[in-house]
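Observations on the three-dimensional arrangement
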Amino acid sequence: MVSQSSSEAYTNMGKTSDLTAVQKATIDTLHKEGKTQKVIAEEAGCSQSSVSKHINREAKGRKNCGQKKCTSDRDHRALVKIVKKNPFKNVGEIHKEWTAAGVSASRSTTKRCLKDMGFNCRIPRVKPLLTKKQREKRLTWAKEKKSWTAAEWSKVMVSDESKFCISFGNRGPRVWRKTGEAQDPRCLKSSVKFPPSVMVWGAMSSAGVGPLCFLRSRVNAAIYQQVLEHFMLPAADLLYGDGDFRFQQDLAPAHSAKSTRAWFTDHGISVLNWPANSPDLSPIENLWGIVKRKMQNARPKNAEELKAAIRATWALITPEQCQKLIDSMPRRINAVIEAKGAPTKY
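Given the structure is predicted, the values throughout are model-derived calculations rather than measurements.

A cluster of basic residues, R107, K111, K115, R122 and R174, forms a positive patch on the protein surface. With three residues, the top contributor of residues to the positive patch is helix 7 (residues 107-116). Structurally, the position occupied by R174 is in the loop between strand 2 (156-165) and strand 3 (175-177). Take R174: its relative accessible area is 41%, and that puts it in the partly exposed class.

Relative to each other, helix 13 (residues 283-294) and helix 15 (residues 319-327) sit at 140°, their axes nearing to 9 Å. Put simply, helix 13 runs oblique to helix 15. You can see that helix 13 and helix 15 cross each other, and the crossing is right-handed. Across from P283, N286, L287, I290 and K294 in helix 13, the residues of helix 15 making contact are Q321, C322, L325 and I326. Looking at the contact of helix 13 with helix 15 residue by residue, the classes come out as six nonpolar, two polar and one charged.

Moving on, we get to the side chain of T260. For T260, the location among the structural elements is in helix 12 (residues 258-266). Note on T260: relative accessible area 0%, which makes it buried. Those residues in contact with T260 that sit more than four places away from it in its chain are A221, Y224, Q225, L228, A254 and H255.

To describe two helices that pack against each other, one gives the angle between their axes and the distance between the axes. As a packed pair, helix 5 (residues 73-85) and helix 6 (residues 91-100) sit with axes 10 Å apart at the nearest point and diverge in direction by 135°. Taken together, the axes of helix 5 and helix 6 lie oblique to each other. Relative to helix 6, the crossing made by helix 5 is right-handed. On helix 6, the residues that touch D75, H76, A78, L79, I82 and V83 of helix 5 are I94, E97 and W98.

What follows is about the packing of aromatic side chains. Counting across every chain of the model gives eight aromatic pairs. Here W148 and W153 contribute two aromatic rings whose centre-to-centre distance is 4.7 Å and whose plane-to-plane angle is 50°, an arrangement assigned as tilted. On the basis of an interplanar angle of 15° and a centroid distance of 5.1 Å, the ring pair of Y240 and F245 is categorised as stacked. Overall, the relative accessible area of 16% leaves Y240 in the buried class. Put simply, the rings of W141, W148, W153 and W274 touch in pairs and so form one group of aromatic residues. When the ring centre of F164 is taken as origin, the NZ or CZ atom of K292, which lies over that ring, is 4.9 Å away.

Conventions we followed
- Residues numbered from 1 in each chain as written.
- Predicted model: local features only at pLDDT ≥ 70, side-chain atom pairs only at ≥ 80, totals over all residues.
- Heavy atoms only, no water.
- Patch = residues over 30% accessible without salt bridge, like charges linked within 9 Å, V, L, I, M, F, W, Y side chains within 5 Å.
- Areas by Shrake-Rupley, 256 points an atom, 1.4 Å probe, with all protein chains shown as cover.
- Salt bridge = Lys/Arg side-chain N within 4 Å of Asp/Glu carboxyl O.
- Lys, Arg positive; Asp, Glu negative; His and termini not counted.
- Charge placed at Lys NZ, Arg CZ, Asp CG, Glu CD.
- Helix = DSSP H or I, 4+ residues; strand = E, 2+ residues; numbered from the N terminus.
- Buried < 20%, exposed > 50% of the residue type's maximum accessible area, 1.4 Å probe, protein only.
- Axes fitted to C-alpha atoms, helices over the stretch in contact; angles between N-to-C directions.
- Parallel < 35°, antiparallel > 145°, perpendicular 65-115°, else oblique.
- Left-handed = near helix turned anticlockwise from the far one by under 90°.
- Contact = heavy atoms within 4.5 Å.
- Nonpolar A, V, L, I, M, F, W, Y, C, P; charged D, E, K, R; others polar.
- Phe/Tyr/Trp six-rings, centres within 6.5 Å; stacked < 30°, edge-to-face > 60°.
- Lys NZ or Arg CZ within 6 Å of the ring centre and 35° of its normal.

Okay, structure coming up:
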């Protein structure tokens, strides 16, 4: 039975505007729990009609609140055209061009409209543009490796070189793009050098990472073979012991030189065939990304401090992280097949 005090409360709470913040919160919570309006009214200390009105109002939302839009659909189409023409413009440049076309909008309105239309300001991916022939070769290679399991990929030692720059904060211009447009040629930028920097060679497998090699000069076939002798072989001993493995490398001139091929033959090492311009297929590319993200707050003052920071961060990489990246190879293969040889998100 409802008490007299409750009945008085119902009489005094006939409008949703009379509900207190606590009552509204109570109604919302109990409504989400599936309670009936009668039970909710008793718990909140208000009338059942007030509960009903509040619930209906929340469900419909306040459609007529807020400032009236100052831009039209035609203005929005003009904005999309500006961004599509040059996605590397910053908000100020886009706003200036948009208002020059006769649109009355503030800089914040321009940014909000871009967000509402699905555009996000992102750091552009750096990817080589593939020719038709290269895409065909990537597709053929992916189909050949489609049946490989994660266990088979665990027997591959993946290697690569990467450049580390002191100025980690200088990432260059950003790009406006929508979800799924990361690989669009319009949204890609070419590689840019930021001296001072160091070049590093490294290798990984599902068991972990091998020792790093800092390269002092441009890598030719002779220097690369020294790297293989003094760093790749120790890495193989560390990661595989006496077990068999295949070695992965990209198709850089020093890697594919006749003398380098002879070196692998002399040492009895099987080299995995690899498609050109395919960093998206190499899990060590993601590993370099992990290391660089971990070093974002590092502020080395010179090359030696930079090397020390890289070594320390590389040592923190766990076998579990490497195993996860190697296990992604079947998914990478399928992504290339689905993309018909085009670059993928990896």
